[in-house]
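Spelled out, the chains give:
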Amino acid sequence: MLDDLDQIMAVMATAFDPAWGEAWNRRQVEDALTLGNCHYFLVSPEGKPLTEGEIAAGFSLSRTGYEEEELLLLAVDPQFRRKGLGRSILDALRFAAGARGAKRLLLEMRRGNSAESLYATFGFYAIGERKDYYRTPNGERIDALTFACDID
Ligand SMILES: CC(C)(COP(=O)(O)OP(=O)(O)OC[C@H]1O[C@@H](n2cnc3c(N)ncnc32)[C@H](O)[C@@H]1OP(=O)(O)O)[C@@H](O)C(=O)NCCC(=O)NCCS
């Protein structure tokens, strides 16, 4: 039976294009979760919180700060995309982060990531830009865009 870390890593392996070098390895995820201020959410193929025996279709990983929660990773297995799961994960994150005391969600993404339209329709708005912040495995430099979403 897969444990939750296995489930995260299984989605990670399918969801991220190696061209961008954005996937985390198992050690990075483990270390984040050991810190105690990071949280994950696993979603089922039906867009519900994962229950025992199910295979995850997506996940989020986030980090709690003072009155803020930063989305570190959001991923959906390609075979389950465009069915609203990404949005379901964000809904669950917003609810859980609010319960943890967050007043807003934050995230940073590479310029051009198609996830931007999901973030925009969800209510994220741009708050900053870091020029040439990311470097891809082939050496290309890409700006980072920072977004926030208020939790009412
Ligand atoms: C970003 C990601 C999580 C979206 O997951 P998803 O389950 O397909 O998202 P949803 O089905 O909830 O999308 C909701 C809406 O967001 C927009 N959207 C999502 N993916 C999109 C894409 N590739 N291109 C354009 N719009 C997109 C659409 O408006 C979509 O609604 P629609 O399908 O009715 O048009 C998924 O594409 C993914 O895992 N990408 C790779 C990892 C990544 O880049 N993560 C984000 C940075 S960490």
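Think of each chain on its own: its residues are numbered from 1, step by step along the sequence as written. Only residues with pLDDT of at least 70 get local features here, since the model is predicted, and only at 80 or more are side-chain atom pairs given and counted; chain-wide, interface and lining totals rely on the full set of residues. Heavy atoms from the whole structure form the basis of all side-chain values; hydrogens and water molecules are not counted.

## Structural notes on the sheet that holds strand 2 (residues 58-65)
This is how the line gets drawn: Two strands are said to pair when DSSP picks up at least two bridges between them. In this text, helices come from DSSP runs of H or I with a minimum length of four residues, and strands from runs of E with a minimum of two, each type numbered from the N-terminal end. Angles run from 0 to 180 degrees between N-to-C directions of axes, and those axes are lines fitted to C-alpha atoms, restricted for helices to the stretch in contact. Contact criterion: two residues are considered in contact whenever any of their non-hydrogen atoms come within 4.5 Å of each other.
One open sheet holds the six strands; their spatial order is 1-2-3-4-6-5, and the pairing between them is mixed. Looking at strand neighbours, the two that pair on one side only are strand 1 (38-43) and strand 5 (125-135), the edges of this open sheet. Neighbour-to-neighbour, the strand axes of the sheet open up by a mean angle of 25°, direction not taken into account. Here strand 1 pairs with strand 2 via six bridges, running antiparallel. Each residue of the ladder has a partner; that of Val43, found in strand 2, is Gly58. Set on the sheet, helix 3 (residues 85-99) makes contact with strand 1, strand 2, strand 3 (68-76), strand 4 (104-110) and strand 6 (141-150); between it and strand 3 the angle comes to about 155°. Helix 4 (residues 115-122) rests against strand 3, strand 4 and strand 6 of the sheet, and its axis sits at about 160° to strand 4.

## Observations regarding the side chain of Ser62
Here is the rule we go by: Under this definition, polar contacts are N or O atom pairs within 3.5 Å; protein pairs additionally need one hydrogen-donor-capable and one acceptor-capable atom, and for neighbouring residues in sequence, both atoms have to be side-chain atoms.
Examined against the element boundaries, Ser62 turns out to sit in strand 2. For Ser62, the side chain forms a polar contact with the side chain of Glu69, separated by 2.6 Å. Leaving out residues up to four positions away in the same chain, Ser62 has contacts with Asn37, Cys38, His39, Glu69, Glu70, Leu71, Leu72, Leu93 and Arg100.

## Quick notes on the site of the ligand
Heads up, the condition is: For this description, a residue counts as near a given molecule or strand if any of its non-hydrogen atoms is within 4 Å of it. Only the protein chains shown count as covering a residue, and every accessible area follows the Shrake-Rupley method with a 1.4 Å probe. In the cavity and pocket records, a cavity denotes points on a 1 Å grid over the protein atoms alone where a 1.4 Å probe fits but cannot get out, a pocket denotes an open set with protein on both sides within 12 Å along at least 5 of 7 lines, and lining residues are residues with an atom within 4 Å of a point. Assignment of a molecule to a cavity or pocket requires that more than half of its atoms lie within 2 Å of the corresponding grid points. Ten residues, namely Ala, Val, Leu, Ile, Met, Phe, Trp, Tyr, Cys and Pro, are considered nonpolar, four, namely Asp, Glu, Lys and Arg, are considered charged, and the remaining ones, Gly among them, are considered polar.
Neighbouring residues of the ligand: 18 residues in total, closest Leu74, Val76, Arg82, Gly84 and Ser117. Take Arg82: an N or O atom from its side chain is 2.8 Å from an oxygen atom of the ligand. Ser114 has a polar side-chain atom sitting 3.2 Å from a nitrogen atom of the ligand. When the ligand sits alone it has 900 Å² of accessible area, and the protein chains cover 74% of it. The cavity where the ligand resides is the largest pocket. Sorting the residues of the shell around the ligand by element identifies strand 3, helix 3 and helix 4 as the ones contributing at least two each. For the shell around the ligand, the residue count by class is nine nonpolar, five polar and four charged.

Read these as geometric descriptors, not functional statements.
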